[in-house]
Amino acid sequence: MPRPVNPVSAAPKGPVLGIETSCDETAAAVVGRTASGAPVILSSVVLSQTEEHAAFGGVVPEIAARAHVEAVDGIVKAALTEAGTGLEGLAGIAATVGPGLVGGLIVGAMTGKALAAARKLPFFAINHLEGHALTPRLTDAVAYPYLVLLVSGGHTQILLVRGLGRYERWGTTIDDALGEAFDKTAKMLGLGHPGGPLVERAAASGDAGRFHLPRPMRGEKRLDFSFSGLKTAVRQAANAAAPLSDQDVADLCAGFQAAAADSVRDRIGRALERYRAELSDLADPVLAVAGGVAANGAIRAALNAACQGHGVRLVAPPLSLCGDNGAMIAHAGLERLEAGLFDGFEAPVRPRWPLDEQAAPMIGFGKRGAKA
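Counting from 1, residues in each chain are numbered in the order their sequence is written. Only residues with pLDDT of at least 70 are given local features in this predicted model, and only at 80 or more are side-chain atom pairs given and counted; all residues enter the totals for whole chains, interfaces and linings. Side-chain numbers come from the whole structure's heavy atoms, not from hydrogens or water.

Engineer: Which parts of the structure should I look at to understand the sheet that holds strand β9 (residues 286–290)?
Structural biologist: Hydrogen bonds along the backbone pair up the strands of a sheet, which may run parallel or antiparallel. By the convention used here, strands pair only if DSSP detects at least 2 bridges between them. Helix numbering and strand numbering both begin at the N terminus, where a helix is a DSSP run of H or I of at least 4 residues and a strand a DSSP run of E of at least 2. In space, the 5 strands of this open sheet follow the order β8-β7-β6-β9-β10, with mixed pairing throughout. On the outer flanks of this sheet lie β8 (166–172) and β10 (313–315), each paired with one strand and no other. The mean inter-strand angle of the sheet, taken between neighbouring strand axes irrespective of direction, is 25 degrees. In terms of strand pairing, strand β6 (residues 146–151) meets strand β7 (residues 156–163) through 6 bridges, oriented antiparallel. For Leu-150, the partnering residue across the bridge sits in β7 and is Gln-157. To get an axis, a line is fitted to the C-alpha atoms, and for a helix only the part in contact is used. The angle between two axes follows their N-to-C directions and goes from 0 to 180 degrees.

Engineer: Hey, could you run me through the packing of aromatic side chains in this one?
Structural biologist: Aromatic pairs are defined between Phe, Tyr and Trp rings, using the six-membered ring for Trp, whenever the two ring centres lie within 6.5 Å; interplanar angles under 30 degrees are classed as stacked, those over 60 as edge-to-face, and all others as tilted. Enumeration according to the criterion identifies 5 aromatic pairs in this entry. The interplanar angle of 40 degrees and the centroid separation of 6.3 Å between the aromatic rings of Phe-123 and Phe-345 together place this pair among those described as tilted. One end of the pair, Phe-123, is in strand β5 (residues 123–127); the other, Phe-345, is in the segment after α10 (326–339), with 222 residues separating them in the sequence. Taking the relative accessible area as the measure of exposure, Phe-123 reaches 0% and is therefore buried. Remark: exposure states derive from per-residue accessible area (1.4 Å probe, protein chains only) relative to the maximum for the residue type, with buried under 20%, exposed over 50%, and partly exposed in between. Note on Phe-345: relative accessible area 29%, which makes it partly exposed. Criterion for a charge above a ring: Arg CZ or Lys NZ at most 6 Å from the ring centre, at most 35 degrees from the ring normal. Positioned above the aromatic ring of Tyr-144 is the side chain of Arg-137, whose terminal nitrogen or guanidinium carbon lies 4.0 Å from the ring centre. In this structure, Arg-274 packs its charged tip against the face of Trp-170, placed 3.8 Å from the ring centre.

Engineer: Looking at this structure, how should I read the nonpolar core?
Structural biologist: It is characteristic of soluble globular proteins that their nonpolar side chains tend to be buried jointly. To form a nonpolar core, buried Ala, Val, Leu, Ile, Met, Phe, Trp, Tyr and Cys residues must be joined to one another through side-chain atoms within 4.5 Å. Grouped together as the largest cluster of nonpolar side chains are 82 residues, with contacts concentrated most on Leu-149 and Tyr-275. Here this core takes 13 residues from helix α8 (residues 246–278), the largest share from any one element. Leu-149 has contacts with Gln-157, Ile-158, Phe-225, Val-264, Ile-268, Leu-287, Ala-288, Val-289, Ala-290 and Leu-303, leaving out every residue within four places of it along the chain. Counting residues in each nonpolar core, the second largest holds 25 residues, with Leu-17, Phe-123, Ala-125 and Trp-353 among its members. Residues count as neighbours in contact if any of their non-hydrogen atoms are within 4.5 Å of one another.

Engineer: Can you walk me through the pattern of salt bridges in this structure?
Structural biologist: Side-chain pairing between opposite charges can occur once the charged atoms of the two side chains come close. For this analysis, a salt bridge means a side-chain nitrogen from Lys or Arg found within 4 Å of a carboxyl oxygen belonging to Asp or Glu. The tally for this structure, following the rule as stated, stands at 14 salt bridges. Across the salt bridge formed by Arg-162 and Glu-168, the nearest N and O atoms sit 2.4 Å from each other. We note a salt bridge from Glu-278 to Arg-274, for which the minimum N-O separation is 2.9 Å. Taken together, the positions of Glu-278 and Arg-274, both in helix α8 and 4 residues apart, correspond to about one turn of that helix. On the basis of relative accessible area, Glu-278 is assigned to the partly exposed category, the value being 46%.

Engineer: Whenever I open this one, helix α7 (residues 228–241) confuses me. Can you help?
Structural biologist: Helical geometry: 3.6 residues make up each α-helical turn, so side chains three or four residues apart lie on a common side. Helix span, as expected, comes to 1.5 Å for every residue beyond the first. The first and last C-alpha atoms of α7 sit 20 Å apart over 14 residues, in line with the 20 Å expected at 1.5 Å per residue. Listed in full, the buried residues belonging to α7 are Leu-230, Lys-231, Ala-233, Val-234, Ala-237 and Ala-238. Looking straight down α7, one finds that the buried residues subtend no more than 160 degrees of arc, so they occupy a single side. Of the residues in α7, the exposed ones pointing more than 90 degrees away from the buried face are Gln-236, Asn-239 and Ala-240. Tucked inside the fold, the buried residues of α7 contact α5 (178–188) and α8. Starting at the helix axis, one direction is taken to each C-beta atom, and the arc is that of these directions.

Engineer: For this particular structure, what's the right way to read the environment of Pro-214?
Structural biologist: With respect to the secondary-structure elements, Pro-214 resides in the loop between α6 (195–203) and α7. For Pro-214, a relative accessible area of 35% puts it in the partly exposed group. Separated by 37 residues in sequence, Pro-214 and Ala-177 have C-alpha atoms that sit 16 Å apart.

Engineer: Can you help me understand the packing of α7 against α8 in this one?
Structural biologist: Think of two packed helices as two axes; the pair is described by the angle between the axes and how far apart they sit. Viewed as axis vectors pointing N to C, α7 and α8 meet at an angle of 160 degrees, and their least axial separation amounts to 11 Å. As judged from the angle between their axes, α7 and α8 are roughly antiparallel. In this structure, α7 crosses over α8, and the sense of that crossing is right-handed. Where α7 abuts α8, its residues Leu-230, Val-234, Ala-237, Ala-238 and Ala-241 lie against Asp-248, Leu-252, Phe-256, Ala-259 and Ala-260. The residue makeup of the contact of α7 with α8, split by class, is 9 nonpolar, no polar and 1 charged. Any angle that falls under 35 degrees is termed roughly parallel, while one over 145 is termed roughly antiparallel, one within 65 to 115 roughly perpendicular, and all others oblique. Handedness of each helix crossing follows the sense of rotation of the near helix against the far helix: counterclockwise by less than a right angle gives left-handed, clockwise gives right-handed. In the scheme used here, Gly and all other residues not listed as nonpolar or charged are polar, with Ala, Val, Leu, Ile, Met, Phe, Trp, Tyr, Cys and Pro taken as nonpolar and Asp, Glu, Lys and Arg as charged.

Engineer: Help me understand unusual backbone geometry in this model?
Structural biologist: For residues other than glycine, phi is negative in most cases, and the peptide bonds are mostly trans. Following Gly-98, the chain continues into Pro-99 via a peptide bond in cis, with omega recorded as -15 degrees. Inspection of the secondary structure assignment puts Pro-99 in the loop between β4 (92–98) and α3 (102–119). Between Tyr-144 and the following residue, Pro-145, the backbone shows a cis peptide bond with an omega angle of -10 degrees. Here Pro-145 lies in the loop between α4 (128–140) and β6. The residue Ala-141 is not glycine, and still its phi comes out positive at about 50 degrees. Locating Ala-141 in the fold gives a position in the loop between α4 and β6. In this structure, Met-217 is a non-glycine residue whose phi angle is positive, near 70 degrees. Examined against the element boundaries, Met-217 turns out to sit in the loop between α6 and α7. Overall, the relative accessible area of 14% leaves Met-217 in the buried class.

Printed below as a string of structure tokens:
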């Protein structure tokens, strides 16, 4: 995508501040490079809004935006202090401008633009999905091209990352994102919010074979995902077993998680077949996983099994970088700084912003969540 040049005479060298406010975490981080050129996280501060939204069973956009306004200045200051640099030590400032909840995006974008304008620094308008997609280069120095599975509360996508700004969507969800399915399953079983960790915790003491649940899209040649039917099957099983005991809930969680993992393994297995066929000359083929659901142990195990079967290395971020964070935004800004890709201060926030803008819209695609 062509990007207007920020009116800065020369891009200085040094670390980049990243600001992330797209959903329910207020985050800021500073990322630079070591003397050898490796990326290094100099600071990372994340403030979760879990308690503010827990009573509602999900994220309330107005509450999220207000919380970002109250917290962002302090979070940015804390990140700069932890990094040991003031604004004068930065080479640029990056902020998430989409996709996400528009109120939160405005808070982060305006904060980043104001700081960049005041210090006459380059500004980088970052796609939240690009931050996730480039995380393997931050944590493991993965070389282009590589395959990435992006799994979160708002997205389930398979992307080929050919280079900075060059992304091909190979598959996506036709209904619910995987993280959304985890959250809705937790809600219907009375576990609370956020649902992903709670479902995984309950599943640890459950019998995954007790309830017979579907494996959506298994065997399909297309590389897309579907989790709405699985979620409905859980509801039907729960209604049939009501009133639910703690063991019933644990068994349902275990069954749901196992079905989701089996579906992901099948979908990724087919994607890896294509990956190995189309890029057969890669010396180190990599599948990276990113997004909040990347923290789930069963999903990681399923991906590892698929990778072993195709001779591909699995790269998974540390748990601290699975969810939304400022480090991935700062790192994306750092890569864009070094590539000379700057943004003007007129760069808009974009509640919807596909990473592969050339990909055709999904027929029947019904996702309407925060990061659709």
